Amino acid sequence: MKLIPIPAFNDNYIWMLHHDQRAVVVDPGDAQPVFKALQSLGLTLEAILVTHHHQDHTGGVAALRQATGAQVFGPCQERMPEPLQRMADGQTLGVLGLTFEVLHVPGHTAGHVAYFAQVPNQSPVLFCGDTLFSAGCGRLFEGTPAQMLQSLTRLATLPAATRVCCAHEYTLGSLQFALAVEPDNADTAAYQQRAQALRQAHQPTLPSTLALERLVNPFLRTHLPAVAHAVQQRSSHAHSPVDVFAALRAWKDQF
Ligand SMILES: [Zn+2]
Ligand SMILES: [Zn+2]
């Protein structure tokens, strides 16, 4: 089983898993780079997974389906290009011999879903769209801070070795903010060095792992005194976990 990020637009990744000449892609906002990858690797597209309704995640779905007949899976609660296999929280789907579990993770959008699968002889994979980014999280367009905190907390309980496949290359910007929140976090500083070297070499910083995200991602660390304290320096009223999370997200919005 091979996992590759296909770059699209400015900073999107269309994730592709392939095995035995068959492939699945996640959030194809643009069909062209996927067609190119299928052709150069000699793959048949078996399925398309979509995490949420934003155009940069769905724009290539119709063209890919039309050309390949791939089955499309997406969130049950969002307006999406039809026909679509609508997936609800806790449901599973089978592609490439893997079983993906669907997790409803509202916050960025109301119906956003993530897909998690165990992979034989490899680390598990998580396709989390615009919910969890490396060292960051998605903006709250349709959900509340309480919903996003719950969604991220749920993702954070997946196995530590899980490969985190985010839909955008936002890592360097997110790390700048993470270091503003936790200037003394040595793991974050070390990760920034590695991420800078990767980007200078035009390599993706992703996938990340949940083990790393728990060490460096301030949005998974709002329960820790260091993060809560940094937030309270700016928003003295933020005491409950949800208030701390909301203030942290608002801080990042203006950062
Ligand atoms: Zn989005
Ligand atoms: Zn996006």
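Higher on the page you've got the structure.
Basis of the calculations
Residues numbered from 1 in each chain as written. Chains lettered and ligands numbered in written order. Predicted model: local features only at pLDDT ≥ 70, side-chain atom pairs only at ≥ 80, totals over all residues. Heavy atoms only, no water. Helix = DSSP H or I, 4+ residues; strand = E, 2+ residues; numbered from the N terminus. Rg over C-alpha atoms; globule rule 2.2 N^0.38 Å. Buried < 20%, exposed > 50% of the residue type's maximum accessible area, 1.4 Å probe, protein only. Contact = heavy atoms within 4.5 Å. Areas by Shrake-Rupley, 256 points an atom, 1.4 Å probe, with all protein chains shown as cover. Donors = N, O, S within 2.8 Å, 3.2 Å for Na, K, Ca; no water. Tetrahedral: all angles 85-135°; square planar, octahedral: opposite > 155°, others 65-115°. Pairing = 2+ DSSP bridges. Salt bridge = Lys/Arg side-chain N within 4 Å of Asp/Glu carboxyl O. Axes fitted to C-alpha atoms, helices over the stretch in contact; angles between N-to-C directions.

Focus on the overall build of the chain
Consideration 1: Secondary structure summary: the chain contains nine helices and 14 strands in total.
Consideration 2: Taking 18 Å as the expected radius of gyration for a compact globule of 255 residues, we find that the chain reaches 18 Å, a close match to that expectation.
Consideration 3: In terms of principal-axis extent, the alpha carbons of the chain reach across some 55 × 40 × 35 Å.
Consideration 4: For the chain, the residues scored as buried account for 53% of the 255 residues in total.
Consideration 5: In the chain, of all internal contacts separated by at least 6 residues, the share reaching a separation of at least 24 is 58%.
Consideration 6: Accessible surface for the chain amounts to roughly 11,000 Å². Of this, 51% is attributable to carbon and sulfur atoms.

A closer look at the environment of Phe-73
Consideration 1: Here Phe-73 shows up in strand E5 (residues 71–75).
Consideration 2: Residue classification places Phe-73 among the buried residues on the basis of a relative accessible area of 6%.
Consideration 3: It is 6.1 Å that separates the C-alpha atoms of Phe-73 and Val-50, two residues lying 23 residues apart in sequence.
Consideration 4: Not counting chain neighbours up to four residues away, the residues in contact with Phe-73 comprise Ala-47, Ile-48, Leu-49, Val-50, Leu-84, Gln-85, Met-87, Leu-93, Val-95 and Tyr-115.

A closer look at the coordination of the zinc ion (ligand 2)
Consideration 1: Within the first shell, the zinc ion (ligand 2) binds the protein through Asp-56 (OD), His-57 (NE2), Asp-130 (OD) and His-168 (NE2), at distances of 2.0 to 2.5 Å.
Consideration 2: Each of the four donor atoms bound to the zinc ion (ligand 2) contributes to angles spanning 87 to 161°, and the resulting shape is irregular.
Consideration 3: Each donor residue of the zinc ion (ligand 2) lies on one chain, and together they are spaced D-H-x72-D-x37-H.
Consideration 4: Here the zinc ion (ligand 2) and the zinc ion (ligand 1) are spaced 3.5 Å apart, with Asp-130 acting as a shared donor.

Examining the sheet that holds strand E9 (residues 113–117)
Consideration 1: Spatial strand order, E7-E8-E9-E10-E13-E14: six strands in an open sheet with mixed pairing. Looking at the sheet topology across the chains shown, the edges are occupied by strand E7 (92–95) and strand E14 (208–209).
Consideration 2: As paired strands, strand E10 (residues 125–129) and strand E13 (residues 163–166) are joined by four bridges and run parallel to one another. Across the sheet, Phe-127 pairs through a bridge with Cys-165, a residue of E13.

Concerning the coordination of the zinc ion (ligand 1)
Consideration 1: Taken together, the protein donors to the zinc ion (ligand 1) comprise His-52 (NE2), His-54 (ND1), His-108 (NE2) and Asp-130 (OD), at separations of 2.1 to 2.3 Å.
Consideration 2: In this structure, the zinc ion (ligand 1) is surrounded by four donor atoms whose angles at the metal cover 94 to 165°, and the resulting shape is irregular.
Consideration 3: Along the chain, the residues that donate to the zinc ion (ligand 1) are spaced as H-x1-H-x53-H-x21-D.

Quick notes on the pattern of salt bridges
Consideration 1: Going through the model one piece at a time under the given rule, you end up with seven salt bridges.
Consideration 2: Notably, a salt bridge pairs Arg-221 with Glu-182, separated by 2.8 Å at the nearest N-O pair. One end of the pair, Arg-221, is in the loop between helix H7 (210–216) and helix H8 (225–234); the other, Glu-182, is in the loop between helix H5 (171–181) and helix H6 (186–200), with 39 residues separating them in the sequence.
Consideration 3: In this structure, Asp-253 engages Arg-249 in a salt bridge whose closest nitrogen and oxygen atoms are separated by 2.6 Å.

Re the sheet that holds strand E2 (residues 12–19)
Consideration 1: Reading across the sheet, the six strands line up as E1-E2-E3-E4-E5-E6 and stay open at both edges, with mixed pairing between neighbours. With partners counted over all chains shown, the strands left at the sheet margins are strand E1 (2–8) and strand E6 (85–87), one partner each. Looking at each pair of strands side by side, their axes are set apart by 25° on average, direction ignored.
Consideration 2: Across five bridges, the pairing between strand E3 (residues 22–26) and strand E4 (residues 44–49) is parallel. Within E4, the position partnered with Arg-22 by the bridge is Thr-44.
Consideration 3: Across the sheet, helix H3 (residues 61–68) lies against E4 and E5, angled at about 145° from E4, the strand it touches most.

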